[in-house]
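Understanding the architecture of this molecule
Read off the chains here:
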Amino acid sequence: MSLLALRSFGNLLQARKTGLRVVYPAYRTFVSKKAGVTFQNQDNLPKLPVPELHDTADRYLRSLEPVLRNSEEFERAAQAVSTFIKPNGLGETLQNRLLNLQKNAELSWLEDIWVNKAYLEYREPVLLNVNWWCTFSNPPQGLVEAKKGSFSEAQIKRASSFVRRVLEFSDLVNRQELPVDQLRKAPLCMNQYKRIFGTARIADTTRDRLAYNYPATAKHVIVMAKDQFFKVNVLGENGQLASTKQIQHQLSEVVKLVSDLAETQPSVGILTSEHRDVWGKIRNDLAALPGNAQTFKDIDEALFVVCLDDIGPDGDPDHAHRHIFHRDDAKNRWFDKPLQFIVANNGVAGVNGEHSPVDAVVPGAVFNYIVSKENEKEEAESLIQLAPPVQLKWSVTGEVTDAIKTAESNAKKFIKTIQSLCLHYNGYGSDFIKKVKVSPDAFVQMALQLAYYRQYGESCPTYETASTRAFAYGRTETVRVCSSDSVAFVEAFDDNSVEDREKLILFKKAIESHLEYMGAASSGKGVDRHLLGLRSVIETDAEREKATIFSDPSYIKSMYFKLSTSNMSPGDHFYGGFGPVVPEGYGVNYAIGKNNMKFSISSWRTCKETDSDIFRDTLNKSLNDLREAADKFVQS
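Predicted model only: the values in this text are computed from it and were never measured.

Topic: the domain arrangement of the protein chain
Note on interface size: it is often stated as the accessible area lost on association of the parts. Per the domain assignment, the segments making up the protein chain are domain 1 (53–106 + 426–635) and domain 2 (123–419). Spacing between the C-alpha centres of domain 1 and domain 2 amounts to 33 Å. Taken together, the contacts link 29 residues of domain 1 with 39 residues of domain 2. Between the two partners, domain 1 and domain 2, sit 3 salt bridges. Asp318 serves as the salt-bridge partner of Arg616, at 3.2 Å between the closest nitrogen and oxygen. Viewed at the interface, domain 2 and domain 1 are joined by 15 residue pairs in polar contact (both at pLDDT 80 or more).

Observations concerning the UniProt feature "active site" (unreviewed entry) in the protein chain
With numbering matched to this structure, UniProt assigns "active site" (unreviewed entry) to His355. Accessibility expressed as a relative area gives 1% for His355, which makes it buried. Looking at His355, its side chain comes within polar contact range of the side chain of Tyr119, at 3.3 Å.

Observations regarding the state of the cysteines
Evaluated as defined, the whole model comprises 0 disulfides. Residue Cys134 stays outside any disulfide, its sulfur separated by 11 Å from that of Cys422, the closest cysteine. Cys307 forms no disulfide, and the closest cysteine sulfur to it belongs to Cys134, at a distance of 15 Å.

Looking at the packing of aromatic side chains
For any two aromatic rings, the description comes down to two numbers: the centre-to-centre distance and the angle of the planes. Evaluation of the coordinates by the stated rule reveals 33 aromatic pairs. For the pair Tyr428 and Phe432, a centre-to-centre distance of 5.1 Å together with 65° between the ring planes defines the contact as edge-to-face. Here Tyr428 falls in the buried class, since its relative accessible area comes to 3%. Exposure remark for Phe432: the relative accessible area of 10% places this residue in the buried category. Grouped by ring-pair contacts, the aromatic residues Trp132, Phe136, Phe162, Phe304, Phe341, Phe367 and Phe574 constitute a single cluster.

Observations regarding the pattern of salt bridges
Note that side chains of opposite charge can pair when their charged atoms are close. Taken as a whole, this structure holds 41 salt bridges when the rule is applied. The shortest N-O distance in the salt bridge between Arg327 and Asp309 comes to 3.3 Å. Within this pair, whereas Arg327 is found in the loop between α10 (317–325) and β10 (340–343), its partner Asp309 is found in the loop between β9 (305–308) and α10, the two being separated by 18 residues in sequence. One connected set of salt bridges, linked through shared partners, spans Arg123, Arg201, Asp208, Arg276, Asp277, Asp336 and Glu354.

What to know about the pairing of strand β19 (residues 597–604)
The element β19 is largely enclosed, with a buried count of 8 among its 8 residues. With burial as the criterion, each face of β19 is covered, one bearing Met597, Phe599, Ile601 and Ser603 and the other bearing Lys598, Ser600, Ser602 and Trp604. Sheet analysis places strand β13 (residues 418–425) next to β19, joined by 8 bridges and oriented antiparallel. Looking at the pairing, Ile418 lines up with Trp604 of β19. Pairing of strand β18 (residues 586–592) with β19, which is carried by 7 bridges, proceeds in the antiparallel orientation. The partner of Tyr590 across the bridge, within β19, is Phe599. The loop that links β18 with its antiparallel partner β19 comprises 4 residues.

The rules behind the values
- Residues numbered from 1 in each chain as written.
- Predicted model: local features only at pLDDT ≥ 70, side-chain atom pairs only at ≥ 80, totals over all residues.
- Heavy atoms only, no water.
- Domains from an automatic or database assignment.
- Contact = heavy atoms within 4.5 Å.
- Salt bridge = Lys/Arg side-chain N within 4 Å of Asp/Glu carboxyl O.
- Polar contact = N/O pair within 3.5 Å; in protein donor to acceptor, adjacent residues only side chain to side chain.
- UniProt positions renumbered as here; feature names shortened; annotations may be inferred.
- Buried < 20%, exposed > 50% of the residue type's maximum accessible area, 1.4 Å probe, protein only.
- Disulfide = S-S within 2.5 Å.
- Phe/Tyr/Trp six-rings, centres within 6.5 Å; stacked < 30°, edge-to-face > 60°.
- Helix = DSSP H or I, 4+ residues; strand = E, 2+ residues; numbered from the N terminus.
- Pairing = 2+ DSSP bridges.

Here it is as structure tokens:
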């Protein structure tokens, strides 16, 4: 999912050290005076390492082997690598700069480089390109029928329940009472939880910036309805949580207000779907007009956004997730918040999240919490007093009005270029895969490799997200899934001249290669972030010209990820997805349950070679065939 550095690779050399964060004042009344548990391990977590130069070179060359099948191409790439890492060469110079950066970095040597290069300097719209989506399970009582243009009681009740539970989660983070995430009993970095609530991406020309504060001290959320913005208080003066009934009353008041409006405010939210330079300039112009600075402040500081839609999609996964992903028109949205909870009038619900401050797996914990508690008994009625909802106003010029119309047109056209589908596969899940003694994640990755090979007759560079949260301020690293061993396996799988015993050997080797790379990436020893760091500390044109490892076509070719994948298992309460990262590629998210798997598959309609519908069918068949083969492997 975090592959935007590839799209903006032309800017990679210009690492800037200007401020990334804007921190709003914090009110300490929201924080427990007791020592909390949530961040108790932060100071003890190791810093993200800078991998050894020669180790990265070796791993990089191995990753090139299945991509550069032409021996001449590979030899040229190998020579560029050899020149780069030679004693007293440019590679050592850049490596020493990175080591100094690591030594002096307060957080992580990669922190600012990654956020800037992967996200904030990326200029294309965040809609479809950057933002991820998650669709929640439908309510146990089912969806309701609701008339287009109206709101429903079931919608308000579901939204109120979610808001209350999210506030509970935010309170746990503020009070540092959220248990520490662990992986195999080892603590993980919890820093990203500080960036979920009260955070905003601020559009600007050339590069955006992030605004966030911890603890998240705002007392309000932003509720959007019919493209109108309402500031809705959900916390008392001292941070006390409103009850579900109080929140339901507040949301009902919003519905009344928006239904009785004599005159609506301009649909400024659509501008967040625009090209970032376009939106950045307009935002700066808007901020200079009377009253708008306060409106922006209210939106940016809000804990999160709630979008109440007066339309509702069909409840099947394909229609439901598209509503959360883009709604077909991008209306009634503010795409610059890490969390905007969307509830349609028939009860379909989910989240559209801006990616830069936090990786989706972290708010995934929020989603599991709120959906799993959806039908729990309501808490006792609260006695706190809440100010009524207030509609936010915009001052606009004729130029801004024209820009809104243009943005509405651009968004609709852009949304039509993406094909996004779901595959909810019920043939088997992690229970069966573990029974045949294979890692479920590695198994699914080989299924994806097989599906792609069957459809295109070749393998392709493939990205999978690995977490580096075992390190302080760690985020992600790339697993380069396509290996010489995975290629050997998929080429042999449908070859009748290859015996089953040999196919089993090849399958095991492909799995082992994948697990080895995943282990290295999670340990901070991947290829892509290290090479990004080395490239980012180049200082002169002479150094840039000398760094042929980066100018050789193999570098871009090897990270031209036609398969971009991410694992969000188990998918019991929600499933998610994102857009493809290259024009000829697929974006594939998957969640592996005990007895099922949920996939989302996206591709660009502008590419004649890609087709999510066909790929879904091919993947379905590959999953079936791998099960049959696995049964044979076990019996043999």
